[in-house]
Amino acid sequence: MPSNEQRRAAAKRKLERQLANRAARARKRKQLTIAGSALGVVIAIAAVTGVYFLTRGEDEANTAAETPDASLSSTPIAAPPPSPQAKPATVSCVYRDSAKPADKPVNKPRTDGIETTGGNATLSISVETNQGPLGLTLDNAQSPCTVNSFASLAGQGYFDGTECHRLTQSESLKVLQCGDPTGTGTGGPGYEFDNEYPTDQYPPNDPGLQQPVLYQRGVLAMANAGPGTNGSQFFIVYGDSQLPPNYTIFGTVDEAGLQTLDKIAAAGQDETNGPGDGRPNQPVTLERVAID
């Protein structure tokens, strides 16, 4: 029969084993927590990157797949920064030849004497679609070179008879994309130009350019294939969306236009580009785009 001393020694050894096992389990839990946190950061970065590529226009609009965006729901979303100072009364713009020729014959916009103030601070555009009207107000004061290009294309009938080729529907991104005469997401006017508001409110390489901001319902913005590749493709936000500030905001759509967009969105899309992203189930054609 074991003595009291032996029993106490055995109990001590048992307690030591239990404590060692508990410590090992605690270390394992800590390692899993750290790994899970790191994975969460990777997922968040991937989600933001996925949203960035989601609205890419001229070259790769139809190749980007939708990424889960649940990780963005906990990210504080700020509005784009206000313009710190008014632009000059007139500006000059640069429209470079793009690598891809124009998909529909069109002349480049004028480049000098683009007015930004007074009665020319805004420009009214009427868009007739087969689904209903879209009344646009373009903002010369903040994005004059973009407005100048859009007005030039509209005046030349570039948008007339073209299809809106993309409808994106997710928790963080709700947009209708148009402006490609080929209807494929790869078309453009044969020239490109730099980003304006809100991109121009950040220093080059500012980390803020990779953080999502709020693109509010009713905003009109340019699609692109990277910095300085704006052409003719644009998107209209029909529900508050989260995007890095790399897409030039150049106007808004009126209440009647929002009702048209809601009708289009309600019909859904075919997910040809991935979950929540594809061609509108109800085809949308820009029948006529004209300056008022």
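Before reading on, note that the structure itself is shown above.
Rules behind the numbers
- Every residue gets a number counted from 1 within its own chain, in the order that chain's sequence is written.
- A pLDDT threshold of at least 70 governs which residues receive local features in this predicted model, and a stricter bar of 80 or more applies before side-chain atom pairs are shown or counted, although totals over entire chains, interfaces and linings include all residues.
- Working from all heavy atoms in the structure, the side-chain values ignore hydrogens and water.
- Salt bridges are defined as contacts in which a side-chain nitrogen from Lys or Arg sits within 4 Å of a carboxyl oxygen from Asp or Glu.
- Note on conventions: DSSP H or I runs of at least 4 residues are helices, E runs of at least 2 residues are strands, and numbering of each starts at the N terminus.
- For every residue, the accessible area (1.4 Å probe, protein chains only) is compared with the maximum for its type, and the residue is labelled buried under 20%, exposed over 50%, or partly exposed between those bounds.
- What a helix is expected to span follows from its residue count: subtract one and scale by 1.5 Å.
- Whether two residues touch is decided by their heavy atoms; if any such pair falls within 4.5 Å, the residues are in contact.
- DSSP-based pairing: two strands are paired if at least 2 bridges between them are found.
- Every angle, taken between N-to-C directions, lies between 0 and 180 degrees, and every axis is a line fitted to C-alpha atoms, over only the stretch in contact when it is a helix.
- Pairing of aromatic side chains here covers Phe, Tyr and the six-membered ring of Trp, requires ring centres within 6.5 Å, and sorts the geometry by plane angle: under 30 degrees stacked, over 60 edge-to-face, intermediate tilted.
- Two cysteine sulfur atoms form a disulfide, by the criterion used here, when they sit within 2.5 Å.

(A) Region of interest: the pattern of salt bridges. Applying the stated criterion across every chain, the model contains eight salt bridges. Across the pair Asp200 and Lys87 runs a salt bridge whose closest N-O atoms are separated by 3.5 Å. Within this pair, whereas Asp200 is found in the loop between strand S9 (191-192) and strand S10 (213-215), its partner Lys87 is found in the loop between helix H1 (4-54) and strand S1 (90-91), the two being separated by 113 residues in sequence. Given the relative accessible area of 34%, Asp200 is considered partly exposed. For the salt bridge of Arg96 with Asp194, the shortest nitrogen-to-oxygen distance reads 3.1 Å. On the criterion of sequence distance, the pair formed by Arg96 in strand S2 (residues 96-97) and Asp194 in the loop between S9 and S10 is long-range, its members being 98 residues apart. Given the relative accessible area of 28%, Arg96 is considered partly exposed.

(B) View of helix H3 (residues 255-266). Between its first and last C-alpha, H3 extends 16 Å over 12 residues, near the 16 Å set by a 1.5 Å rise per residue. Elements in contact with the buried residues of H3: strand S4 (122-129), strand S5 (132-139), strand S7 (166-169), strand S8 (174-178), strand S12 (234-239) and strand S14 (249-253). Note on H3: the residue one or two positions beyond its end, Gly268, has a positive phi of about 80°.

(C) Structural detail: the sheet that holds S4. Read from one edge of the open sheet, 10 strands run S6-S16-S4-S5-S14-S11-S12-S8-S7-S15, paired in antiparallel fashion. Each of the sheet's edge strands pairs with one partner strand only, and the pair in question is strand S6 (162-163) and strand S15 (277-278). Judged from the three bridges that link them, strand S11 (residues 219-222) and S14 form a sheet pairing that is antiparallel. Paired with Leu220 across the two strands is Gly251, which belongs to S14. Of the strands in this sheet, S4, S5, S11, S12, S14 and strand S16 (285-291) are in contact with helix H2 (residues 144-155), which crosses S5 at around 140°. Each of S4, S5, S7, S8, S12 and S14 touches H3; the most contacted strand, S5, lies at about 125° to it.

(D) Highlighting the packing of aromatic side chains. The tally for this structure, following the rule as stated, stands at nine aromatic pairs. Each ring, one from Tyr158 and one from Phe159, has its centre 5.5 Å from the other, and the planes form 85°; the classification is edge-to-face. Grouping residues by exposure puts Tyr158 and Phe159 together as buried. Joined through ring pairs, the aromatic side chains of Phe150, Tyr158, Phe159, Phe234 and Phe250 make up one cluster.

(E) Representation of the state of the cysteines in the model. Tallying each qualifying case throughout the model produces two disulfides. Between Cys93 and Cys145 runs a disulfide, and the two sulfur atoms are separated by 2.0 Å. Judged by the sign of its S-S torsion, about -90°, the cystine formed by Cys93 and Cys145 is left-handed. On the criterion of sequence distance, the pair formed by Cys93 in the loop between S1 and S2 and Cys145 in helix H2 is long-range, its members being 52 residues apart. Owing to a relative accessible area of 6%, Cys93 belongs among the buried residues under this scheme. Cys164 shares a disulfide with Cys178; S-S distance 2.0 Å.

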